[in-house]
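Listed below are the residues making up each chain.
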Amino acid sequence: MPLPARAEVVVVGAGLAGLSVATRLAAAGCDVHVLEAAGHAGGRLATDRVDGFVVDRGFQVFNTGYPRAADLDLDALDLGYFVSGAVVRVEGRAHRVVDPRRRPTALTDTLRAPVGSLPRKVAIAAFSARAGYWPVPRLLSTPETTAAEHLARAGVGTTALERFFGPFLAGVLLEDRLETSSRYLDLLWRSFARGATGLPARGIQAVGEQLAARTGAERVHHGVRVTGVSGTSVTSDAGQVRADAVVVATDPDTAAALLPAVRTSAPRQVTTHYHVLPASPWSEPLIVLGTPGGRLVNSVVLTDAQPAYAPDGRALVASSSLAPTREADVREEVARLHDVASTDLGHLTTVTVTGAQPAALPPLHLRRPVDLGGGLFVCGDHRDTPSIQGAMASGRRTAAAVLRALRPTTAGAA
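Residues numbered from 1 in each chain as written. Predicted model: local features only at pLDDT ≥ 70, side-chain atom pairs only at ≥ 80, totals over all residues. Heavy atoms only, no water.

### Regarding the overall build of the protein
Tallying secondary structure elements over the protein gives 13 helices and 20 strands in all. Relative to its length of 414 residues, the protein is compact, with a C-alpha radius of gyration of 22 Å against a globular reference of 22 Å. In terms of overall dimensions, the protein has C-alpha extents of about 65 × 50 × 35 Å along its principal axes. Taking all 414 residues of the protein together, the buried fraction comes to 56%. Look at the contacts in the protein between residues 6 or more apart in sequence, and 72% of them connect residues 24 or more apart. In the form shown here, the protein has an accessible surface area of approximately 17,100 Å², with 51% of it arising from carbon and sulfur atoms. Placing the 42 positive and 38 negative side-chain charges of the protein at their respective mean positions leaves the two points 7 Å apart. (Helix = DSSP H or I, 4+ residues; strand = E, 2+ residues; numbered from the N terminus. Rg over C-alpha atoms; globule rule 2.2 N^0.38 Å. Buried < 20%, exposed > 50% of the residue type's maximum accessible area, 1.4 Å probe, protein only. Contact = heavy atoms within 4.5 Å. Areas by Shrake-Rupley, 256 points an atom, 1.4 Å probe, with all protein chains shown as cover. Lys, Arg positive; Asp, Glu negative; His and termini not counted. Charge placed at Lys NZ, Arg CZ, Asp CG, Glu CD.)

Here it is as structure tokens:
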């Protein structure tokens, strides 16, 4: 649809942050329009179809432990879930490390897994219980350090750091030195302890599409590249829109280009190789962690958790590295992690995401200001935490700030 000449609020960017703003403003009765350069809703949560397979833009999961998961219709996403834990490979053997609260039958395997002595495993359990069940203000009041130092102080031991926490967190944080803020690690681990991770049947992009549908198709304008913003207008390659308020909800680099006052941290990157196997080599949906010295941080049979990712019952495997890699560089490593012949692996495609998420180095700046004054607002995971939760929480805060500015008498109720 053509852009309107005027709107009450214009949101730049149809990622989760921008759509979270738009859905709330639309529900409050605002005339809100979203301008998006890409052809889909969801921002970095993007999905393609390759030879009938559902291929996300990198290995991404939705965590039901995120507080803002309450904003979504999870049943409509038709999530397929992973088991809470991972497979650790040591000297060619596979060992399960699984949360015994979810899978009591896995307790023996977890106690026998070569990730440290029994006291170290008790320390791992204590760390998980602390992160999962201490009140958030108490977690955030503890002295801040790096994730590596935080885990060391928790007493999990070097073996668990090298074989379990290191590769597991590298796949989530997209950095392998564990330089991330200890406070963000606590919040992240809390979501794993309290929720489950899964894949929507139609791919991770379905999360953004659900929010876009709530906003209204006539309000979301795709293929519109914004070149300039002020508190009263947005200039784009499709024309100018005047507004009472403008929200910049783009990726960090674009936000910094449009708003010089915005400062963002260096983005993380990841390369994911997708392979097809005739059948899964595993009996349950568990992520397989990379081994010390390897190129991969993890590899996982996506169809074990979400069979809808394959069109014909074959197994779809996603294997990720932090450094850019070629498929030929990792093929043998993928085969070893899953104990299959490399000739059984059919390469489907490779995806490299250079701006996968912003860094969260200490000191962690939670709830950065979203109201820049003069009718300009900014939101995104770079204003909270680099996650789906951070993007949606930022959007919620920004919608409240916009309503306070435009409709102060009704903002509280909205």
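### Quick word on the environment of Ala 257
Mapping Ala 257 onto the fold places it in helix α10 (residues 252-258). Along the sequence, Ala 257 and Thr 227 sit 30 residues apart, while their C-alpha atoms lie 9.3 Å from each other.

### Some words on the sheet that holds strand β15 (residues 287-289)
The strand order across the open sheet built from seven strands is β8-β7-β15-β16-β17-β14-β18, with neighbouring strands paired in mixed fashion. Edge positions in the open sheet fall to β8 (93-98) and β18 (346-358), since each of these has one partner strand only. This sheet shows a mean twist of 25° between the axes of neighbouring strands, independent of strand direction. Taken together, the two bridges between β15 and strand β16 (residues 298-301) define a ladder with antiparallel strand orientation. Paired with Val 288 across the strands is Ser 299, a residue of β16. Strands β7 (85-90), β8, β14 (267-277), β15, β16 and β18 of the sheet are contacted by helix α7 (residues 158-173), whose axis makes an angle of about 125° with β7. (Pairing = 2+ DSSP bridges. Axes fitted to C-alpha atoms, helices over the stretch in contact; angles between N-to-C directions.)

### Regarding unusual backbone geometry
The omega torsion of the bond from Pro 362 to Pro 363 falls at 0°, within 30 degrees of zero and hence cis. Tracing the backbone through its elements, the reader meets Pro 363 in the loop between β18 and β19 (371-373). One non-glycine residue, Asp 51, adopts positive backbone phi at about 55°. Structurally, Asp 51 is set in the loop between β3 (47-50) and β4 (53-56). Positioned with a positive phi, Leu 178 is a non-glycine residue whose angle comes to about 50°. Take Leu 178: its relative accessible area is 6%, and that puts it in the buried class.

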